Amino acid sequence: MKICFGENNQDKIELDFNKEKINFVLLIGGTRSGKSIFHNYLYKTLSQKYSANEIGFVFLDMTQHDFYNWDSQYLLKPVIQDPSEAIKTLNELAELKTDKKIFIHIEECDMVYKDRSGIEEAFKRLNKLSNIYIVYSTSRLDKGYLGDWLSQFINLRVVFSVASESDSDFLLGNNKASRFTFPGERILAFNDKQYYCQPFSDGAAKLLCDFSL
Amino acid sequence: MKHCPNCLSSMHYSGEDYEVRYYTNLIKKHQGQSNPYLQRASNYIVRGGFTLALADLNKALELNPNNDTASRRQKLIHDKLKQKALMIKKILYLDVDGVLLGKNSLNEVTLAPYAKEFLSFCLENFKCYWLTTHCKDGEIENVIRQIKEYADDFVIGLIRQILPTTWETLKTEVIDFTSDFFWVDDSPLQYEIEQLKMNNVFHRWIEVNTRKCPDDLKRAMSILSWEKL
């Protein structure tokens, strides 16, 4: 499963999820740093590439407003907004017998504070399934649990603008993400590699902003 | 041993409240005179006891309305107390995105309508702090960078007066739930809302969303104008 994650100086940065063994993506950055436009881009690309028979999405939206109008044949379940219900859903998905690729999007960190061990148990079960991909998006960098997750679950970090050098250093080992000027600038970090991606053009960003599945 | 400044008779005092007892005895000794009250008021003033001083000055003026010194000092204390009252402002936490920065009809990010008036009002009436993911390490430069593109120098001058905060993950880490505070934010995390509810301060969150309701800062100002006192 090869996906273009962005461009730098007109060079496309493509990632092969299978080859790079990526099944857990962290999207992290401050408010208005470009995370939402990026995940819209990602899901738009996937839905264009695969039919609803081949791929399905589950949205666990703790912000309660990012995916409120998402409703299509690609969605395996209606958007879930309650942290307890979301953890229950993760466990149900771990039991699901299907060949479909399933992308589970988790928006914000409330589930962790509700029941950290519950969500981690579910991740461990989901981690064993090769057709499941988790995208975890947050604006809140908690070095406690994220430190553990970076070593245990997360294979790809997509790091947008963060507020401080120490946050950038924690995520990338350098201060680059605290120096970004434009929303949408990001660094992909996986398997000891880092790639810078330019923001989407204004026109593309506007279209992506309005995208929903 | 100390002499009475009015009749020069000898007076003996000791103990912690020596000064106060000395002047209290003067008042007793020279009942109906305004000067002993004035003298005790001066003593209170030196020690910062403005309210007590004011009570004595009122008494001194009651006894002698022509006592210019008492009248001057009374005015001075009124000013001091006014200043002091201004210093005890309620705390206001401010978010950036969805609050100061909203969206226009073309869905573009823009400085929210009434932002200038809102900031002036808040700075005048509250002790204002940032509570935004753009300011977590006690520095405001990142916030300025986020807003600069959308604001003129006057607004930048105002936002520079808002104090920075230091926090790690949850905005509620910053808030002292026992303090007199208000928090203007478009969408706290569910967990942060739970924290407010658990501490019985949920009503102190003022929901403002200038992305959906561009004029929301005007509404926030009218809510806060009732809360500033």
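Given the structure is predicted, the values throughout are model-derived calculations rather than measurements.

Considering the interface of chain B and chain A
Right, on to step 1. Between chain B and chain A, the contact holds 15 residues from the first and 18 residues from the second.
Right, on to step 2. Here the residues of the side of chain B that touches chain A sort into four nonpolar, seven polar and four charged.

Points about the confidence of the model for chain B
Right, on to step 1. This prediction gives chain B a mean pLDDT of 87; 90% of its residues lie at or above 70.
Right, on to step 2. The ipTM, which scores confidence in the relative placement of chains, is 0.86 for this predicted complex, and the corresponding pTM is 0.77.

A closer look at the domain arrangement of chain B
Right, on to step 1. Domain boundaries assigned for chain B yield domain 1 (2-87) and domain 2 (90-227).
Right, on to step 2. Look at where the C-alpha atoms of domain 1 of chain B and domain 2 of chain B centre, and you get two points 46 Å apart.

Some words on the sheet that holds strand β7 (residues 181-185) of chain B
All names here are of chain B.
Right, on to step 1. Pairing in this open sheet of four strands is parallel, and the strands run β6-β3-β7-β8 from one edge to the other. In this open sheet, the two strands that pair with only one neighbour each are β6 (126-130) and β8 (205-207). Strand-to-strand twist of the sheet, defined as the mean angle between neighbouring strand axes without regard to direction, takes the value 25°.
Right, on to step 2. Of the pairings in the sheet, the one linking strand β3 (residues 90-94) to β6 comprises five bridges and is parallel in character. Each bridged residue has a counterpart across the sheet, and for Y93 the counterpart in β6 is Y129.
Right, on to step 3. Against the sheet, helix α9 (residues 216-227) engages β3, β7 and β8, with an angle of about 175° to β7.

Here we look at the pairing of β3(B)
Right, on to step 1. As judged from the four bridges shared by β3(B) and β7(B), these two strands associate in the parallel manner. Paired with L92(B) across the bridge in β7(B) is F182(B).

Some details on the packing of helix α1 (residues 18-29) of chain B against helix α2 (residues 35-46) of chain B
Axis angle and axis distance: for two packed helices, these are the angle between their axes and the distance between the axes, and together they describe the pair.
All names here are of chain B.
Right, on to step 1. Contact geometry for α1 and α2: axes closest at 8 Å, N-to-C directions at 170°. In terms of orientation, α1 lies roughly antiparallel with respect to α2. The two elements α1 and α2 cross, and the hand of that crossing is left-handed. Facing α1, whose interface residues are E19, Y23, T24, L26 and I27, α2 presents P36, Y37, Q39, R40 and N43.
Right, on to step 2. Broken down by class, the residue content of the contact of α1 with α2 amounts to five nonpolar, three polar and two charged.

So, the nonpolar core
Right, on to step 1. In this structure, I134(A), L94(B) and V184(B) are the most contacted members of the largest nonpolar core, which totals 87 residues.
Right, on to step 2. No other element matches the seven residues that helix α3 (residues 110-127) of chain A contributes to this core.
Right, on to step 3. Once you skip the residues sitting within four places of it in the chain, V184(B) turns out to touch L92(B), Y93(B), L94(B), D95(B), V99(B), I206(B), V208(B) and A220(B).
Right, on to step 4. Residues L38(B), A53(B), A60(B) and A70(B) belong to the second largest nonpolar core, which totals nine residues.

Criteria and cut-off values
- Residues numbered from 1 in each chain as written.
- Chains lettered and ligands numbered in written order.
- Predicted model: local features only at pLDDT ≥ 70, side-chain atom pairs only at ≥ 80, totals over all residues.
- Contact = placed C-beta atoms within 7 Å.
- Nonpolar A, V, L, I, M, F, W, Y, C, P; charged D, E, K, R; others polar.
- pLDDT = per-residue confidence, 0-100.
- Domains from an automatic or database assignment.
- Pairing = 2+ DSSP bridges.
- Helix = DSSP H or I, 4+ residues; strand = E, 2+ residues; numbered from the N terminus.
- Axes fitted to C-alpha atoms, helices over the stretch in contact; angles between N-to-C directions.
- Parallel < 35°, antiparallel > 145°, perpendicular 65-115°, else oblique.
- Left-handed = near helix turned anticlockwise from the far one by under 90°.
- Core = buried A, V, L, I, M, F, W, Y, C linked by C-beta atoms within 7 Å.
- Buried ≥ 20, exposed ≤ 12 C-beta atoms within 10 Å, placed from the backbone.

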